[in-house]
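# Topology and contacts: notes
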Amino acid sequence: MLATVLASSAALLATPVTGLLGHRALRRAGNARLLRIDAPNGIDEQGFVRIGGIEQWISIRGEDRANPVVVEIHGGPGASHSIFAARTRSWEEHFTIVRWDMRGAGKTFGRSGPQGQGELSFGRLYEDALDVTRHARERLGVDRVVLVASSLGSVFGLRLARSHPELYSAYVGTDQNVLDAGRDTSVHEALLARLRAAGRTKDAAAVEEMGRDPHGLTADQRAAYDKLTVASDPLTLDTLKKVVLGSLWFSPLHSLRELGQYFAGMKFSAQFTPALAAFDDRADGTRFELPFFVFQGDRDVITPAGRARAFFDEVEAPVKGFALIEDASHFASFRHPERFLDLMLTRVRPVVVAAAGVGAA
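We now turn to the structure provided with this report.

## Focus: the environment of glutamine 115
With respect to the secondary-structure elements, glutamine 115 resides in the loop between helix 4 (106-112) and helix 5 (122-140). You can call glutamine 115 exposed: its relative accessible area is 77%. Note: C-alpha distance between glutamine 115 and alanine 204 (89 residues apart in sequence) is 39 Å.

## Let's talk about the packing of helix 10 (residues 234-249) against helix 11 (residues 256-269)
Any two packed helices are characterised by the angle at which their axes cross and by the distance between the axes. Their axes nearest at 10 Å, the elements helix 10 and helix 11 cross at an angle of 140 degrees. Judged by the angle between their axes, helix 10 and helix 11 are oblique. Contacts from Leu245, Leu248 and Trp249 of helix 10 reach helix 11 at Leu256, Leu259, Tyr262 and Phe263.

## Examining helix 10
In this model helix 10 runs 21 Å from its N-terminal to its C-terminal C-alpha over 16 residues, within 8% of the 22 Å that 1.5 Å per residue would give. The sharpest bend along helix 10 measures roughly 30 degrees and falls at leucine 240.

## Section: unusual backbone geometry
Each neighbour pair has its own omega, and for glycine 76 with proline 77 the value is 10 degrees, a cis peptide bond. A positive phi angle, near 50 degrees, is found at aspartate 175, a position not held by glycine. Since its relative accessible area comes to 2%, aspartate 175 is described here as buried. The backbone of phenylalanine 331 shows a phi angle near 60 degrees, a positive value even though the residue is not glycine. The class of phenylalanine 331 is buried, set by a relative accessible area of 11%.

## Some words on the environment of serine 186
In this structure, serine 186 sits in helix 7 (residues 186-197). Put simply, serine 186 and glycine 265 are 79 residues apart on the chain and 30 Å apart in space, counted from C-alpha to C-alpha. A distance of 2.7 Å separates polar atoms of two side chains, one belonging to serine 186 and the other to aspartate 184.

## Here's the deal with the sheet that holds strand 2 (residues 54-62)
Reading across the sheet, the eight strands line up as 1-2-4-3-5-6-7-8 and stay open at both edges, with mixed pairing between neighbours. A single partner strand is all that each edge strand has here, and the edge strands are strand 1 (43-51) and strand 8 (320-325). Strand after strand, the sheet turns through a mean of 20 degrees between neighbouring axes, direction not considered. Of the pairings in the sheet, the one linking strand 1 to strand 2 comprises nine bridges and is antiparallel in character. Paired with arginine 50 across the bridge in strand 2 is glutamate 55.

## Focus: the packing of aromatic side chains
For the coordinates displayed, the defined rule picks out 15 aromatic pairs. Of the aromatic side chains, those joined through ring pairs into one cluster are Phe84, Trp91, Phe293, Phe295, Phe331, Phe334 and Phe340. Positioned over the ring face of phenylalanine 48 is arginine 111, at 4.1 Å from the centre of the ring.

## Comments concerning the packing of helix 5 against helix 6 (residues 152-163)
Running from N to C, helix 5 and helix 6 point in directions that differ by 60 degrees, and their axes come no closer than 11 Å. Between helix 5 and helix 6, the interaxial angle falls into the category oblique. Considering how the two elements wind past one another, helix 5 and helix 6 form a crossing that is right-handed. Within the contact between the two elements, helix 5 uses Phe122, Leu125, Tyr126, Ala129 and Leu130 and helix 6 uses Val155, Phe156, Arg159, Leu160 and Ser163. Looking at the contact of helix 5 with helix 6, its residues break down into eight nonpolar, one polar and one charged.

## Regarding the side chain of serine 80
Within the secondary structure layout, serine 80 lies in the loop between strand 3 (69-73) and strand 4 (96-100). For serine 80, a relative accessible area of 0% corresponds to the buried category. Here the side chain of serine 80 touches aspartate 101 through a polar contact of 2.5 Å, side chain to side chain. Here serine 80 is in contact with His74, Asp101, Gly106 and Tyr262, once residues within four sequence places are set aside.

## Comments concerning the nonpolar core
Membership of the largest hydrophobic core comes to 49 residues, with the highest contact counts inside it found for Ile73, Phe156, Leu160 and Phe292. Top element by residues in this core is helix 5. It accounts for eight residues. With near-sequence residues (within four places) excluded, isoleucine 73 lies in contact with His81, Trp100, Met102, Ala129, Leu147, Val148, Ala149, Ser150, Gly153, Phe156 and Leu160. Residues Val243, Leu245, Phe295 and Val301 belong to the second largest nonpolar core, which totals 39 residues.

What counts and what doesn't
Residues numbered from 1 in each chain as written. Predicted model: local features only at pLDDT ≥ 70, side-chain atom pairs only at ≥ 80, totals over all residues. Heavy atoms only, no water. Helix = DSSP H or I, 4+ residues; strand = E, 2+ residues; numbered from the N terminus. Buried < 20%, exposed > 50% of the residue type's maximum accessible area, 1.4 Å probe, protein only. Axes fitted to C-alpha atoms, helices over the stretch in contact; angles between N-to-C directions. Parallel < 35°, antiparallel > 145°, perpendicular 65-115°, else oblique. Contact = heavy atoms within 4.5 Å. Expected span 1.5 Å × (residues − 1). Bend = angle between axes of the 7 residues up to and from the residue. Polar contact = N/O pair within 3.5 Å; in protein donor to acceptor, adjacent residues only side chain to side chain. Pairing = 2+ DSSP bridges. Phe/Tyr/Trp six-rings, centres within 6.5 Å; stacked < 30°, edge-to-face > 60°. Lys NZ or Arg CZ within 6 Å of the ring centre and 35° of its normal. Left-handed = near helix turned anticlockwise from the far one by under 90°. Nonpolar A, V, L, I, M, F, W, Y, C, P; charged D, E, K, R; others polar. Core = buried A, V, L, I, M, F, W, Y, C linked by side-chain atoms within 4.5 Å.

Laid out in structure tokens, this is it:
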């Protein structure tokens, strides 16, 4: 979970100088041009929809409404995917992408602030995700959509896919999170190994003292643990700076004020994660009545590929597919958006269009 790390990085964007603002304006203008959709059968709708009793931000974009529809569930908590619109522009040539800022996240948080988010719980967000799915199906006139879930979003994704195969034509997990009620301590052991190899004995001792189960940490300990996890891995740190913070800084969809709201939303949203400590994905079941795919960064230190692969191997599904995205840690689909798109086109789209009874072109 990267919410505390990203939120603590807000200072990197908090004191821009005139030259940086000028460069930002040029890049944002270029990205705004990139995002234009002029195709006659295209769609570009962005705004607030009443979901779960509050106004929540939803974007629906694509070059051709006849393409398969993808509904994304973002991670964090509170780490909206709307910032990645320019990086994933090519996806919209082949899929209609539905992005949603969860309650407590991004533009939804900015709309009404912390007092206007209503109940913030896993159960409430799960019901919101179902409502967003139904909204997308009705708005686009499709029976089922592809569910693409990332990081914390994949905790929702597994449960949505398992319980509602009638709504989803396929499940795609990336940065796939597998919860097991704290039994697997491999992430903890790997962090200790990185710290010791770097000679950071004081940090290693602090991590040892925290214990092997990060779910039992205080808020301050959780923040320190997450920062060490990211800072101890050069690829993850580089991705955080260049891909995540870079995308946010140059997003044409986000004003300077909304940058602050983005980080504030992540900090606010962190409150519901302790409830996930007892979740157990294997106990909930490994049978899925829909095509099941996992595309994972090969060097992910937060949601390791080995853990995702072990769970995937136990899954029973009509169609299965697993692939590594090379030279990628967390945020693999956004660090290498063209590689992720290639996997979607070669593995997922043929299955989806075949099931729908339409041409794969």
